[in-house]
Amino acid sequence: MIKIAALLLGLVLCTGCAAAERTAPASTFTLVAHRGGALVYPESSQEAFDAVSRTKFPIETDLRQLQDGTLVPLHDATVNRTMAGVTGLPAGISLDQWKSARIKNPRGGAEGTPTTWQAMLDAYGGRNVLVPELKDGTMDVSGFARPIRSKGALDSVIVQTFSFTTAESPAKSGLHTLYLLNEGEEPDAAAIRATGIEYVGPHKSISGTYLLTLKASGLKVWPYTVNDEATASRLRQEGADGVFTDDPWTLSRQMHLG
């Protein structure tokens, strides 16, 4: 926890997609770059992750498996919404096909470059806080933890999942873990913390009462996905430790987090 806390603090310069310098100010309120900042850069692209890596915003991504088992950043069950040059389920896509595809730009600009989880770990592990979501509940968590441990990045990776059963496994394996909650879910906070889980990611509509219950149990709370200053400020006032956002640069400026 000490290294994660240190990585989440500090002031560094980053380069925005329009080549303008942007800053991620020091703050105890964490802005997690959801899918690499999906409102600013091609979603879950190498360009997005590189940009976030020059800040102190944690880098969030979803992970799915290609045909050969390679873990890649992808949120949806298929690549159809976000990618060009490939279609269908990732399980039907080869690594070569993945590497030759492109990622659509939300602003109509240059397309992005697909990457892999291993490449992200090699580039950013131990230097940036990484927040991968395991989309495949059958994934071997011990195998997933092995390269993180080999990289010496255990203290800077927070594994997230919507499955409580899956969340228990990385927590027991020594990985920092975030348990995601669907809208309206309010599981027992003490029971969550008792498993070793340290973070909870509730929907942004979480009630102030339940948020305080989570905090009282010793959990850090990062609601998702918040793209407006009013909601982020309300959650901060109610005790949230941070939020997932698709544009941490703009939200940081709006909230005067410097």
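S.K.: Any chance you could explain the overall build of the protein here in plain terms?
M.R.: Along its length, the protein carries 10 helices and 13 strands. Going through the 258 residues of the protein one by one, you find that 52% of them count as buried. Partitioning the intrachain contacts of the protein with sequence separation of at least 6 by distance along the chain shows that 57% fall at a separation of at least 24. In the form shown here, the protein has an accessible surface area of approximately 10,600 Å², with 51% of it arising from carbon and sulfur atoms.

S.K.: Which parts of the structure should I look at to understand the environment of Leu181?
M.R.: Structurally, Leu181 can be placed in the loop between strand E10 (176–180) and helix H7 (189–194). For the pair Leu181 and His203, spaced 22 residues apart in sequence, the C-alpha to C-alpha distance is 6.4 Å. Excluding its chain neighbours within four sequence positions, the residues that come into contact with Leu181 are Phe162, Pro187, Val200, Gly201, Pro202, His203, Tyr210 and Tyr224.

S.K.: Sorry if this is basic, but what is going on with the packing of aromatic side chains here?
M.R.: Per the counting criterion, the structure on display carries 7 aromatic pairs. Plain terms: the ring middles of Phe162 and Tyr224 are 6.0 Å apart, the flat faces sit at 90 degrees to each other, and that makes the pair edge-to-face. Here Tyr224 lies in the loop between strand E12 (220–221) and helix H9 (229–238) and Phe162 lies in the loop between strand E9 (158–161) and helix H6 (164–172), a separation of 62 residues in the sequence. Taking relative accessible area as the criterion, Phe162 reaches 31% and is therefore assigned partly exposed. Pairing Trp222 with Phe244 gives two aromatic rings, centres 6.1 Å apart and planes at 75 degrees, and the pair type is edge-to-face. Placement of the pair is Trp222 in the loop between E12 and H9 and Phe244 in strand E13 (residues 242–245), with a sequence separation of 22 residues. Following the ring pairs from residue to residue traces out a cluster consisting of Tyr41, Phe57 and Trp249.

Conventions adopted
Residues numbered from 1 in each chain as written. Predicted model: local features only at pLDDT ≥ 70, side-chain atom pairs only at ≥ 80, totals over all residues. Heavy atoms only, no water. Helix = DSSP H or I, 4+ residues; strand = E, 2+ residues; numbered from the N terminus. Buried < 20%, exposed > 50% of the residue type's maximum accessible area, 1.4 Å probe, protein only. Contact = heavy atoms within 4.5 Å. Areas by Shrake-Rupley, 256 points an atom, 1.4 Å probe, with all protein chains shown as cover. Phe/Tyr/Trp six-rings, centres within 6.5 Å; stacked < 30°, edge-to-face > 60°.

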